[in-house]
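A closer look at the structure
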Amino acid sequence: ETGVTQTPRHLVMGMTNKKSLKCEQHLGHNAMYWYKQSAKKPLELMFVYSLEERVENNSVPSRFSPECPNSSHLFLHLHTLQPEDSALYLCASSQERTGRYGYTFGSGTRLTVV
Amino acid sequence: LAKTTQPISMDSYEGQEVNITCSHNNIATNDYITWYQQFPSQGPRFIIQGYKTKVTNEVASLFIPADRKSSTLSLPRVSLSDTAVYYCLVGEYSSASKIIFGSGTRLSIRP
């Protein structure tokens, strides 16, 4: 149990579907993140939320829409994705927004876009 | 951003000590060095962090020479379960965007 729970673990969706990824942290952390890890590529930071406010958006296409209703929950809403968006999507949390004291990652959602 | 260079892969055997070296020649004064471990289909896990000299915890040791242009993660008496990808991160942590996960080192432990 890492303290960061992601659901679902696996997701297959068509290019016209709308789906959401969910992340929940039980660590009392103030910052949450979405990362994307494609096959054979390093982790890419997508979004950073600090105390429910989006503080960083790394030029992510609008078909990815994050939502942070409170400091414990983070969502990634997906719509009209492309096959190249297939990847492992990882949620992380940390004590504060820079991650200075380390990130705690969830196990990820393996997304396949068909 | 301080660029890091790690070996792409390493092999070792159970019970051996494994040392993974990371080069970061342009490390800045305020940069910290952090190592993460990642198993397949899981998120990375924080292992250890340091600024200079030596840091040790229950999992690993981190050796940083005086010039800080490199660092070595030392895993004592590895087991099969230590097979994973190990990432060396260098940054000042003023922004999460400045903390870059590179390609890492794929460590394979054999019986």
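Only a predicted model underlies this, so the values are computations on that prediction, with no experimental measurement involved.

Residue and element names in this part refer to chain A. Applying the stated criterion across every chain yields a total of 3 salt bridges over all chains. For the salt bridge of Arg-63 with Asp-85, the shortest nitrogen-to-oxygen distance reads 2.7 Å. With Arg-63 in the loop between strand E6 (53-57) and strand E7 (64-70) and Asp-85 in the loop between strand E8 (73-79) and strand E9 (87-94), this residue pair connects regions lying 22 residues apart in the sequence. Using a relative accessible area of 2% as the deciding quantity, one classes Asp-85 as buried.

Before going further, it helps to examine unusual backbone geometry. Of note, the amide linkage connecting Thr-7 of chain A to Pro-8 of chain A takes the cis form, showing an omega dihedral of -10°. Structurally, Pro-8 of chain A can be placed in the loop between strand E1 (4-7) and strand E2 (10-13). Unusually for a residue other than glycine, Thr-80 of chain A sits at a positive phi of about 50°. Turning to its location among the elements, Thr-80 of chain A is positioned in the loop between E8 and E9. On the accessibility criterion, Thr-80 of chain A (42% relative accessible area) is partly exposed. One non-glycine residue, Arg-77 of chain B, adopts positive backbone phi at about 45°. Within the element layout of this structure, Arg-77 of chain B appears in the loop between strand E7 (70-75) and strand E8 (84-91). Its relative accessible area of 67% is what places Arg-77 of chain B among the exposed residues.

What follows deals with the confidence of the model for chain B. Residues with a pLDDT of 70 or more make up 98% of chain B, whose mean pLDDT is 92. Here E8 of chain B stands out as the least confident element of chain B, with mean pLDDT 93; strand E6 (residues 61-64) of chain B is the most confident, with 98.

Within the largest apolar cluster, 22 residues are counted, with the highest numbers of intra-cluster contacts made by Trp-34, Phe-64, Leu-76 and Leu-78 of chain A. When residues of this core are traced back to their parent elements, those giving at least two are E2, strand E3 (18-25), strand E4 (31-37), strand E5 (44-50), E7, E8, E9 and strand E11 (109-113) of chain A. Residues in contact with Leu-76 of chain A, not counting those within four places in the same chain, are Lys-19, Ser-20, Leu-21, Trp-34, Met-46, Phe-47, Phe-64, Ser-65, Pro-66 and Tyr-89 of chain A. Residues Ala-60, Leu-73, Cys-88 and Val-90 of chain B belong to the second largest nonpolar core, which totals 20 residues.

Let us now look at the sheet that holds strand E2 (residues 18-23) of chain B. Residues and elements named next belong to chain B. On the basis of which strands lie adjacent, the open sheet formed by 4 strands has the order E2-E7-E6-E5 and antiparallel pairing. Edge positions in the sheet fall to E2 and strand E5 (53-56), since each of these pairs with one other strand and no more. Here the strands of the sheet are splayed against their neighbours by 15° on average, with no regard to which way each runs. Both E5 and E6 contribute to a ladder of 4 bridges, which runs antiparallel. When the sheet's bridge partners are listed, Thr-53 is paired in E6 with Ile-64.

Quick look at the sheet that holds E7 of chain A now. Residue and element names in this part refer to chain A. Read across the open sheet, the 4 strands follow the order E1-E3-E8-E7; overall the sheet is antiparallel. Of all strands in the sheet, those with a lone pairing partner are E1 and E7, marking the two edges. The mean angle between the axes of side-by-side strands here comes to 20°, regardless of whether they run parallel or antiparallel. In the sheet, E1 pairs with E3 via 4 bridges, with the strands oriented antiparallel. What sits directly across from Thr-7, in E3, is Lys-22.

Quick look at the state of the cysteines now. Counting across every chain of the model gives 2 disulfides over all chains. Cys-23 of chain A shares a disulfide with Cys-91 of chain A; S-S distance 1.9 Å. Here the disulfide of Cys-23 of chain A and Cys-91 of chain A is left-handed, its torsion about the S-S bond being about -75°. Residue Cys-23 of chain A is found in strand E3, and its partner Cys-91 of chain A is found in strand E9; the two are separated by 68 residues along the sequence. A relative accessible area of 0% places Cys-23 of chain A in the buried class. The disulfide that involves Cys-22 of chain B links it to Cys-88 of chain B, with 2.2 Å between the sulfurs. Residues Cys-22 of chain B and Cys-88 of chain B share a disulfide whose torsion about the S-S bond is about -80°; that sign makes it left-handed. Placement of the pair is Cys-22 of chain B in strand E2 and Cys-88 of chain B in strand E8, with a sequence separation of 66 residues. Look at Cys-22 of chain B and you get buried, because its relative accessible area is 0%.

Rules of the game
- Residues numbered from 1 in each chain as written.
- Chains lettered and ligands numbered in written order.
- Predicted model: local features only at pLDDT ≥ 70, side-chain atom pairs only at ≥ 80, totals over all residues.
- Heavy atoms only, no water.
- Salt bridge = Lys/Arg side-chain N within 4 Å of Asp/Glu carboxyl O.
- Helix = DSSP H or I, 4+ residues; strand = E, 2+ residues; numbered from the N terminus.
- Buried < 20%, exposed > 50% of the residue type's maximum accessible area, 1.4 Å probe, protein only.
- pLDDT = per-residue confidence, 0-100.
- Core = buried A, V, L, I, M, F, W, Y, C linked by side-chain atoms within 4.5 Å.
- Contact = heavy atoms within 4.5 Å.
- Pairing = 2+ DSSP bridges.
- Axes fitted to C-alpha atoms, helices over the stretch in contact; angles between N-to-C directions.
- Disulfide = S-S within 2.5 Å.

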